[in-house]
Amino acid sequence: QVKWKGKDLFDLVCRTLGLRETWFFGLQYTIKDTVAWLKMDKKVLDHDVPTEEPKTFHFLAKFYPENAEEELVQEITQHLFFLQVKKQILDEKIFCPPEASVLLASYAVQAKYGDYDPNVHKRGFLAQEELLPKRVINLYQMTPEMWEERITAWYAEHRGRARDEAEMEYLKIAQDLEMYGVNYFAIRNKKGTELLLGVDALGLHIYDPDNRLTPKISFPWNEIRNISYSDKEFTIKPLDKKIDVFKFNSSKLRVNKLILQLCIGNHDLFMRRRKADSLEVQQMKAQAREEKARKQMERQRLAREKQMREEAERTRDELERRLMQLKEEATMANEALMRSEETADLLAEKAQITEEEAKLLAQKAAEAEQEMQRIKATAIRTEEEKRLMEQKVLEAEMLALKMAEESERRAKEADQLKQDLQEARESERRAKQKLLEITSKSSYTQSMNSSTTALPTDLPNFNLISESLSFDFKDTDMKRLSMEIEKEKVEYMEKSKHLQEQLNELKTEIEALKLKERETALDILHNENSSRGNSKHNTIKKVS
């Protein structure tokens, strides 16, 4: 509306987003290449905003927390900070070393895609994602596939983290970067030396223009007595009166107004953090704890249901596998039965033939015996005839003996074939019995399978929208939750140590692929600080 003040428009945006932690944010616009923020008590159209239509404002974080995990209560607040910090890192407004960039990218992927699934997240699924600063990509002789492989390796380790947890891990790492939450302004000291003024949640910092990572001088908020400006001159009066007043000049009066706005806002939040929480913040934190506990219980319930379904599916698959195995055994038993029947028929036929041959040989032996008797009765009296007759008799006897042996052998073979036939019929009987057993098992298994394949109807319903959940959080529950939070803090410290080791391993691994000639000034400064063991916080302590 034409009469709206800045607060009216700002409140409308916050209500639309469902945002209650409004003190971190503001509406930003650009005028004559200078950033400005909408004033809450001034009409929107009375601001020196561009005349063209439509008028564009950017809803952004104006002030940053010292500790994101402790200060950011609402999930929407965490999400907005995550989006803004991620964009600043990708746009290289915040310097981030390569190994930390890969780790942050893995948490961004976890927040977007959920748990890693190799069947879904196949090679190339990150090809269209912007996850790393261009400076990092150009610094190493590595293909997009090699970067994706390293990001995915860490992404797979984040299994079980919800979106809000992954985004908070992202912010906890990003808040330790030297340029996180710092607003830089070009200034000149009394001697005309060009410097940079940095304003953040911890205080005011003075930098060389070529080194935005390590401040030369720092003024923590609790050591500053007064800040003021007159025209383009800005004055910082330390709390210790023995320390000289620091004065500098900025390029424009509008810049001095912006610096003072940021100083007042950051100082107020700095003092507010060191006091007891207001009733509103206490209520918000209590609601956040309850919501976190509710979500945790919901995730546990879903995990149990998922596990039950997976177990049911595994049981069904096992029964199906067993059924297939029984079917194969039944088929093999049928084939064995058919072979046994064919063998029995062949043996019976062969036994019959052998028996007939034995009878024929016995008949021939009897005929030979009769012939021998006839020859003896009609023997020739002469000696020659007698000799010949004796020879014939001898041959007849030999023939009869052979006939008798052959007949005996054939008889034994017939007996053996009869025995084989009986054994074959016994095998056939056993095969039929086994087939009956397998058939009975198959019918039992099929009935079991049909009852298992259809998942139980009494399993918990997955309809999360219609389900009404309520929890009664007692004092004992809250105490137990506090103990769990303390335990999580201890675990987080251990994880941080492990995380640092992982970052060092990745840095060592990709160091051989680095192109030294493409290193920027910030890369070199960061490496020097790392080799000296300097971090963001201990550097500020040294120069304060």
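Presented here is an overview of the structure given in this document. (Residues numbered from 1 in each chain as written. Predicted model: local features only at pLDDT ≥ 70, side-chain atom pairs only at ≥ 80, totals over all residues. Heavy atoms only, no water.)

### What about the overall build of the protein?
Link 1 in the chain: If you tally the helices and strands in the protein, you get 13 helices and 10 strands.
Link 2 in the chain: Counting across all 544 residues of the protein, residues that qualify as buried make up 36%.
Link 3 in the chain: Once local pairs closer than 6 in sequence are excluded, the contacts in the protein between residues at least 24 apart make up 67%.
Link 4 in the chain: Carbon together with sulfur atoms contributes 52% to the accessible area of the protein, which is approximately 33,900 Å² in total. (Helix = DSSP H or I, 4+ residues; strand = E, 2+ residues; numbered from the N terminus. Buried < 20%, exposed > 50% of the residue type's maximum accessible area, 1.4 Å probe, protein only. Contact = heavy atoms within 4.5 Å. Areas by Shrake-Rupley, 256 points an atom, 1.4 Å probe, with all protein chains shown as cover.)

### So, the sheet that holds strand 2 (residues 34-37)
Link 1 in the chain: Taken in spatial order, the three strands make up an open sheet running 2-1-3, and their pairing is antiparallel. With partners counted over all chains shown, the strands left at the sheet margins are strand 2 and strand 3 (58-61), one partner each. Taking the axes of each pair of neighbouring strands and ignoring which way they run, one obtains an average angle of 45° across the sheet.
Link 2 in the chain: Relative to strand 2, strand 1 (residues 25-31) runs antiparallel, the two sharing four bridges. Within strand 2, the position partnered with T30 by the bridge is V35.
Link 3 in the chain: Lying over the sheet, helix 3 (residues 75-90) contacts strand 1 and strand 3, oriented at roughly 100° with respect to strand 3.
Link 4 in the chain: Where helix 8 (residues 253-273) meets the sheet, it contacts strand 1 and strand 2, and its direction lies at approximately 45° from that of strand 2. (Pairing = 2+ DSSP bridges. Axes fitted to C-alpha atoms, helices over the stretch in contact; angles between N-to-C directions.)

### Observations concerning helix 1 (residues 6-17)
Link 1 in the chain: Taking 1.5 Å per residue, 12 residues should reach 16 Å; helix 1 reaches 17 Å between its end C-alpha atoms and fits that length.
Link 2 in the chain: For helix 1, the complete set of buried residues consists of G6, F10 and C14. For helix 1, the angular spread of the buried residues around the axis is 55°, confining them to a single face. More than 90 degrees from the buried face of helix 1, the exposed residues found are R15 and T16. (Expected span 1.5 Å × (residues − 1). Arc of directions from axis to C-beta.)

### Some details on the packing of aromatic side chains
Link 1 in the chain: Scanning the model with the defined rule gives 18 aromatic pairs in all.
Link 2 in the chain: Where Y116 meets Y155, the ring centres are 5.5 Å apart and the plane angle is 75°; that geometry is what we call edge-to-face. A residue pair is termed long-range when its members are at least 10 positions apart, and Y116 in the loop between helix 4 (98-113) and helix 5 (134-139) and Y155 in helix 6 (residues 144-155) qualify at 39 residues.
Link 3 in the chain: Judged by centre distance (5.1 Å) and plane angle (15°), the ring pair of F234 and F248 falls under stacked. Of this pair, F234 sits in strand 9 (residues 233-238) while F248 sits in strand 10 (residues 246-250), and the two are 14 residues apart along the sequence. Of the two residues, F234 and F248, both sit in the buried class.
Link 4 in the chain: Cluster of aromatic residues (ring-pair linked, three or more members): F10, W23, F24, F25, F59, Y64, F81 and Y180.
Link 5 in the chain: For the cation-ring pair, R212 lies above Y184, with the distance from its terminal atom to the ring centre recorded as 4.9 Å. (Phe/Tyr/Trp six-rings, centres within 6.5 Å; stacked < 30°, edge-to-face > 60°. Lys NZ or Arg CZ within 6 Å of the ring centre and 35° of its normal.)

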